[in-house]
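These are the residues of each chain, in order.
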Amino acid sequence: MLRLHDVTLALGAFRLQADADFAPGRITALMGASGSGKSTLLAAIAGFLAPVSGRIEVEGRDVTALPPGDRPLSILFQDQNLFPHLDIARNVGLGLRPDLRLDRDQKAARDAVLDKVGLGGLGSRLPRDLSGGQQSRAALARALLRGRPWLLLDEPFSALGPALRAEMLDLVASTAASEDLSVLMVSHDPGDARRIAQDTALIADGRLEPPRPTGPLFADPTPSLRAYLG
Ligand SMILES: Nc1ncnc2c1ncn2[C@@H]1O[C@H](COP(=O)(O)OP(=O)(O)OP(=O)(O)O)[C@@H](O)[C@H]1O
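Residues numbered from 1 in each chain as written. Predicted model: local features only at pLDDT ≥ 70, side-chain atom pairs only at ≥ 80, totals over all residues.

With that settled, consider the site of the ligand. In the vicinity of the ligand, the contacting residues are Leu11, Gly12, Phe14, Gly32, Ser34, Gly35, Ser36, Gly37, Lys38, Ser39 and Thr40. Of the residues belonging to the shell around the ligand, the class tally is 2 nonpolar, 8 polar and 1 charged. (Near = placed C-beta within 6 Å. Nonpolar A, V, L, I, M, F, W, Y, C, P; charged D, E, K, R; others polar.)

With that out of the way, let us pick up the nonpolar core. Membership of the largest hydrophobic core comes to 57 residues, with the highest contact counts inside it found for Leu30, Leu41, Ala141, Leu152 and Met185. By residue number, the principal contributor to this core is helix 4 (residues 132-145), which donates 7 residues. Residue assignment places this core across two domains, with domain 1 (23-48 + 65-72 + 149-230) and domain 2 (82-147) each supplying three or more. Those residues in contact with Leu152 that lie beyond four places of it in its chain are Leu42, Ile45, Ala46, Leu73, Ile75 and Leu184. (Core = buried A, V, L, I, M, F, W, Y, C linked by C-beta atoms within 7 Å. Buried ≥ 20, exposed ≤ 12 C-beta atoms within 10 Å, placed from the backbone. Helix = DSSP H or I, 4+ residues; strand = E, 2+ residues; numbered from the N terminus. Domains from an automatic or database assignment. Contact = placed C-beta atoms within 7 Å.)

Where strand 9 (residues 199-204) and strand 10 (residues 207-213) come together, 5 bridges link them in antiparallel fashion. Residue pairing for strand 10: Ala204 is matched across the bridge by Arg207. (Pairing = 2+ DSSP bridges.)

Here the protein averages 93 in pLDDT, while 100% of its residues score no lower than 70. Averaged pLDDT values over the elements of the protein bottom out at 90 in helix 4 and peak at 98 in strand 4 (residues 53-58). Interface confidence for the predicted complex, expressed as ipTM, amounts to 0.95; the pTM equals 0.93. (pLDDT = per-residue confidence, 0-100.)

Among the structural elements, Asp129 can be located in the loop between helix 3 (104-116) and helix 4. For the pair Asp129 and Gly25, spaced 104 residues apart in the sequence, the C-alpha separation amounts to 35 Å.

Take helix 5 (residues 162-179) next. The terminal C-alpha atoms of helix 5, which comprises 18 residues, lie 25 Å apart, in line with the 26 Å expected from a rise of 1.5 Å per residue. Among the residues making up helix 5, those that are buried are Arg165, Met168, Leu169, Val172 and Thr175. Projected down its long axis, helix 5 shows its buried positions confined to an angular sector of 130°, all on one face. Structural note: helix 5 exposes Ala163, Asp170, Ser174, Ala177 and Ser178 on the side pointing more than 90 degrees away from its buried face. Immediately downstream of helix 5, the backbone of Asp180 shows phi near 55°, a positive value. (Expected span 1.5 Å × (residues − 1). Arc of directions from axis to C-beta.)

This next bit is on the domain arrangement of the protein. Parsing the protein into structural domains produces domain 1 (23-48 + 65-72 + 149-230) and domain 2 (82-147). Computed over C-alpha atoms only, the centres of domain 1 and domain 2 are separated by 24 Å. Domain 1 puts 11 residues into the contact, and the matching count from domain 2 is 9 residues. Here the side of domain 1 that touches domain 2 takes 6 residues from helix 5, the largest share from any one element. Residues that form the side of domain 1 that touches domain 2 fall into these classes: 8 nonpolar, 1 polar and 2 charged.

Moving on: the environment of Arg97. Note that Arg97 resides in the loop between helix 2 (88-93) and helix 3. Sequence separation between Arg97 and Arg146 is 49 residues, and the spatial gap between their C-alpha atoms is 9.1 Å. Setting aside anything within four residues of it in sequence, one finds Arg97 in contact with Leu102 and Gln106.

The element strand 9 is extensively covered by neighbouring structure, given that 5 of its 6 residues are classed as buried. Across 5 bridges, strand 3 (residues 27-32) lies against strand 9 in parallel orientation. Residue pairing in the sheet places Gly32 in a bridge with Ile203 of strand 9. Here strand 9 folds back onto strand 10, and the loop between the two strands holds 2 residues, one of which, Asp205, carries a positive phi near 50°.

Relative to the helices and strands, Ala143 is located in helix 4. Spatially, the C-alpha atom of Ala143 lies 26 Å from that of Ser34, the residues being 109 residues apart in sequence. Contact partners of Ala143, with chain neighbours within four places excluded, come to Ser74, Leu76, Gly95 and Leu151.

Here the focus is unusual backbone geometry. A negative phi angle characterises most non-glycine residues, just as the trans form characterises most peptide bonds. Although it is not a glycine, Asp6 adopts a positive phi angle of roughly 50°. The residue Asp6 is located in strand 1 (residues 2-11) in this model. A positive phi is found at Asp180, a non-glycine position, where the angle reads about 55°. Assignment of secondary structure puts Asp180 in the loop between helix 5 and strand 8 (182-186).

Pasting the structure below:
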């Protein structure tokens with residue numbers, strides 16, 4: 001469980017209130033208008049922004065004061081954060097060891113994850129020699145290799161065309177199921193939520209509305225979701 005206990009976030013004049021639980025083993029879409037605070041909320045959960053008040057708990061542990069690297073989660077941003085001068089195997093290996101001194105088992109784990117995301121045999125390529133979709137796969141592979149139970153996605157696939165984006169979402173869904181990952185993903189597109197998210201939460205008017213099952217929520221939207229959908 002990922003719990004936000006009476007969390008208040010502030011960024012300049014912007015304020016966001018969040019008091020909600022995210023269930024483990026599920027994919028939750030986080031929706032809301034541009035500027036509503038989706039990235040800010042993910043940044044706080046990941047440890048890049050300290051709450052003004054409140055507590056963040058993951059799997060029963062208070063992580064509010066923990067640095068990002070010590071939290072039981074990985075986060076993928078819009079900008080895939082691949083190092084241009086490192087080949088894909090090394091970029092992915094960074095998920096395990098920043099100094100890249102991988103032992104034999106770690107190299108095997110890295111290669112297995114590259115296979116899993118469909119990049120088997122491409123480890124020696126530089127990022128620029130991969131397509132946009134393949135770069136997304138590499139970034140996902142690095143996050144998966146870290147083996148953290150929660151995966152936060154801040155629109156990492158938004159630069160891809162619709163078909164590739166759908167492919168990446170399906171890869172996230174199948175990997176989440178096979179690796180027992182819990183996923184919280186920011187999206188602008190109700191189609192993304194319908195495609196892979198069992199639950200959907202909305203941020204509106206400076207407040208997080210707790211997640212609800214996606215199907216029933218879209219069938220009978222809350223007033224703020226109706227306003228968002230237009
Ligand atoms: N460094 C900052 N200083 C002050 N305000 C900021 C800063 N960064 C973001 N904001 C404001 O915080 C609010 C939330 O921004 P955030 O990026 O979290 O929204 P979002 O829902 O992720 O938007 P989008 O869908 O456009 O990515 C916005 O009103 C934004 O202008």
